[in-house]
Amino acid sequence: MFMTKAFLKTIASLAVLVTCTPGMLRADDVQAPASTRFQNADTDETPDFQRHLVPLMGKLGCNGRACHGSFQGQGGFQLSLFGYDFDMDHENLMDRIDTDAPADSYALHKPTLQEPHEGGKRMEIGSWEYNLFLSWIRGGAAPKSQDAATLTALEVTPKEIRFSEAGQTQQLKAIAVWSDGTREDVTCLSRFQSNDTAICEITDSGQVTAGESGDTHVVVFYDNAVVPVPVLKPVSDRTGDNYPQVATSTPIDEFVVSKLSKLGIIPSEICTDEEFLRRVSLDLAGTLPTAGEVRAFLSDQSPDKRARKVEELLETPAYAAWWTTRLCDWTGNSDQQLNNINPARGNTASSDWYDWIYKRVAENVPYDELVEGIVVANSRRPDETYREYCERQTRMLRDDATETFADEEGLTYFWGRRNFRSTEDRAIGFAYTFMGTRIQCAQCHKHPFDVWTQSDFQQFEQFFARINFARNGSDRKEYQAMLKELGVEKLRGGEQRRAISTAAKEGKTVPFPELIVQTPRLSPAQRKRLEALKAKGRDVTIPQQTARVLGGETINLSEIDDPRTALMDWLRHDSKQLFAKALVNRVWANYFNRGIVEPTDDLSLANPPCNQELLDYLARGFVENGYDMHWLHREICLSDTYQRSWRPNDTNLHDERNFSRAVPRRLPAEVAVDALAAATISDDKAAQLLEETSKRAIGLPGIPRNRSAGNYYALSVFGRSIRESNCDCDRSSEASLLQTVFVRNDETVHELIDRRDGWIRQLARGAAASSGRSGDNRKVEAARERMERLERNLRRARDNGAKKQIESLTRQLRTLRRQLADIEPEPSDIDLDVASVVEEAYLRTLSRLPSEQERAIAADFVSSSEDPLAGARGLLWTLINTKEFLVNH
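Criteria and cut-off values
Residues numbered from 1 in each chain as written. Predicted model: local features only at pLDDT ≥ 70, side-chain atom pairs only at ≥ 80, totals over all residues. Heavy atoms only, no water. Helix = DSSP H or I, 4+ residues; strand = E, 2+ residues; numbered from the N terminus. Buried < 20%, exposed > 50% of the residue type's maximum accessible area, 1.4 Å probe, protein only. Contact = heavy atoms within 4.5 Å. Salt bridge = Lys/Arg side-chain N within 4 Å of Asp/Glu carboxyl O. Polar contact = N/O pair within 3.5 Å; in protein donor to acceptor, adjacent residues only side chain to side chain. pLDDT = per-residue confidence, 0-100. Pairing = 2+ DSSP bridges. Axes fitted to C-alpha atoms, helices over the stretch in contact; angles between N-to-C directions. Core = buried A, V, L, I, M, F, W, Y, C linked by side-chain atoms within 4.5 Å.

### Points about the overall build of the protein
Piece 1. Helix and strand counts for the protein come out as 35 helices and 16 strands.
Piece 2. Seen through its principal axes, the protein has C-alpha atoms that stretch 110 × 80 × 55 Å.
Piece 3. The proportion of buried residues among the 889 residues of the protein is 53%.
Piece 4. At a minimum sequence separation of 6, the contacts of the protein that also span at least 24 residues come to 68%.

Okay, structure coming up:
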């Protein structure tokens, strides 16, 4: 007999009263595990659908992706993936339940192989799992009741596991705490996973076994709870009283060393001044220090010179440019996604985006205020008409504009991207960008590694339902009038857009797209009238549009003009501080090759921080200091942890997780390309790099559609973020053979070495002038200027893919180089100070003085070359091809 849903819900309520009434157990009493209570089939207890049966199906793998949890189900039977859609699971399960003859239920025959089952045998007849399932059917197979208690906590003990040798074991115990006061041992119903099976393994019953030395987490899953438990096995005997005294000059150091002491890892010594200067200049400002900077820093004997260098770098345009680039990565500034977002042709939208963020980073605007300008951005100013808005935007396109897009209060383009239009895309992208969290799994099912459910996702995306980026503005009548004024109303598609762009360049007012926040379905006045009628007893329905922040409260959007204001308020005040932690973690990863949480965009319960206290401290400090980005950079850079040497000791040789040493890492793409330029450029040009960033790779705004030419090709070789998705993995830091080939053989690199304003040319001019054999300077300079023009044109031709023009310009350059060689001083006549050249080459590439052995080998190479300039060039080429050059250490 199959029972009606209404009857089953009544049975469910009674079952909860019978089995879960708080008065039956004291608050500190814990129900024995189901594996004990259902050991025998003759028990009178009726299991609960939510507390027992659904977790059991998860434990047995029934609702997994490879079984009935798949979107197609298996064998005509589907369960919600990972559970938590209790209505669907119960409804589908009832087709396989026989309450008159419980033992004959198909749902019991399949997993016990009384009937063929592709999933194999999942339980034995007479086992506690079988008895629990049978007892639920026998008790009426009730669904989850409407007023069922909710899980308030999952208490897992021990809270931390420390092993001393391989093979040791530790049993976990999980206690579910429910809102009705009941507590139950649910270890047997929980699922377990190890985040690193080399460090430890865990059985289905929750027994952890030690493996290799190191640390990881085991994770416990039950109902909607996800609880990580740290597992540590020291790498040495230097723990407890045997751990040496290690200086901890900052709170960061205290938290790091506290974790290292548990693992028996002794941190490396503090790095040298050369290493610190190179590291912090590249990390903080994306810029290779000049030879002069290195000399000055080494000669400075003041004890606070590192702190002063950090402050100096924080005030440079290079710092603002590099961190603007990173923020453009995380917010998704890409030309490919900004098609037709404004009437101007070219890549002006991505440049506007870059400039808007740059202005705020340079002014050290608090991070929450910067983000607020993105989240609650509006196109129009208060009381501004659509035409007035278009007039103001058009003025910004003019060459003599006194106001730029960077002066706008909000970054409206963020909402106009092609990959950010649907509410689903916005919910996913918003969580990635501002919370460092992946919620896309919850779009279709319960998140496997976090608490988010499909209902949570659907409620969250409602915040974005009223936000519209209208390509034709919100005032259709005015939009059409403006097209008619321009005489383009009959044109269509690309032809019309080109005509509008031309009109904008001519200074004519053109229509602009507009970010619109649609009004609620009911105006406040209408809602007030309906509420008054309802108060008088009239039968009226008041429509509500609600949304719920992730893990937080439900908000009535009908009462809010702009739902995004509620989102921004939640970001600032959420107790989990995901907003602050997301940025802190990403900034930390910039300095240490990995985040405190890794991957950096996966802040989830099942992917806990490697040092929870450290992340909490930095996030809390960041908030308490007013989201001051300078504070965050300063706090990290001035810690001993950041200033550790890359040279390992016996205990930290394999540590890349706990920050006991600097991990050598390949330079980010933009920094690597700029470093090649800085290493080969003349001294006077190099001195301008921290201040002049417009022509540098860290100053390039967006990601163009054609990434195969010019600087963009070099950037793609080194893994610049493609900004195609919301994932931090759009940027690659992996080394590759192509990068090696590029630095060794690509024409771009050789042009950098041989360019007119390069260091090699500087050596040639200096040596020739000092010897009085400078040749016909007027002819030489004229030829060099022409060569520079040809090289510029060649780069442009490559960017445009103009093959015939490339061939012609290449021939002209080859001829001009031969002519220049005839009129320039003979290389053999040039007399260089070899010792000085060697020292300078090392300082401008590796930011350090050469060792005595290196000095001798390099000097011999330069001296024995066919001419000194060729020797200097060969030395420079060799140094930029070393691993040390392209690695920050």
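### A few points about the pattern of salt bridges
When the charged atoms of two side chains with opposite charge come close together, those side chains can pair.
Piece 1. Inspection of every chain in the model, using the stated rule, returns 50 salt bridges.
Piece 2. One salt bridge connects R183 with E155, and the closest N-O pair in it is separated by 2.8 Å. Of this pair, R183 sits in strand 5 (residues 183-185) while E155 sits in strand 1 (residues 151-157), placing them 28 residues apart in sequence.
Piece 3. Assessed through its relative accessible area of 17%, R183 is described here as buried.

### Some points on the side chain of R466
Piece 1. Checked against the element boundaries, R466 lands in the loop between helix 16 (454-460) and strand 11 (467-470).
Piece 2. Within the structure, the side chain of R466 is placed 2.9 Å from the backbone oxygen of L557, a separation counted as a polar contact.
Piece 3. Not counting residues within four places of it along the chain, the set of residues in contact with R466 comprises I516, V517, Q518, T519, P520, Q545, L557, I560, D561, D562 and P563.

### A few points about the environment of A870
Piece 1. Tracing the sequence through the fold places A870 in helix 34 (residues 868-880).
Piece 2. Take A870: its relative accessible area is 31%, and that puts it in the partly exposed class.
Piece 3. Residues A870 and K59, 811 residues apart in the sequence, show an inter-C-alpha distance of 70 Å.

### Looking at the confidence of the model for the protein
Piece 1. Residue-level pLDDT values for the protein average 89, and 91% of them are 70 or greater.
Piece 2. Contacts from residues 1-24, a stretch scored under 50 in pLDDT, to residues over four places away or in other chains number 42 contacts.

### Looking at the sheet that holds strand 2 (residues 161-162)
Piece 1. With mixed pairing, the 4 strands of this open sheet are ordered in space as 2-10-9-6. One side of each edge strand has no neighbouring strand; the edge strands of this open sheet are strand 2 and strand 6 (191-194).
Piece 2. Note: strand 9 (residues 214-222) against strand 10 (residues 225-233), 9 bridges, orientation antiparallel. What sits directly across from V218, in strand 10, is V229.
Piece 3. Set on the sheet, helix 7 (residues 251-263) makes contact with strand 2, strand 9 and strand 10; between it and strand 10 the angle comes to about 60°.

### Quick notes on the pairing of strand 4 (residues 173-178)
The side chains of a regular strand alternate between both faces of the sheet.
Piece 1. When you tally the buried positions in strand 4, you get 5 out of 6 residues, the bulk of the element.
Piece 2. Looking at chain direction, strand 1 and strand 4 are connected through 6 bridges and run antiparallel. Paired with L154 across the strands is A176, a residue of strand 4.
Piece 3. Connecting strand 4 to the antiparallel partner strand 5 that follows it, the hairpin turn spans 4 residues, and G181 within it adopts a positive phi of roughly 95°.

### Some thoughts on the nonpolar core
Piece 1. Counting 156 residues, the largest nonpolar core has Y367, F434, F460, F463 and F622 as its most contacted members.
Piece 2. Those residues within four positions of F622 in sequence are excluded, and the remaining contacts are Y367, A580, L583, V584, Y627, D628, M629, W631 and L632.
Piece 3. Within the second largest apolar cluster, 51 residues are counted, among which are A34, L93, L132 and V220.

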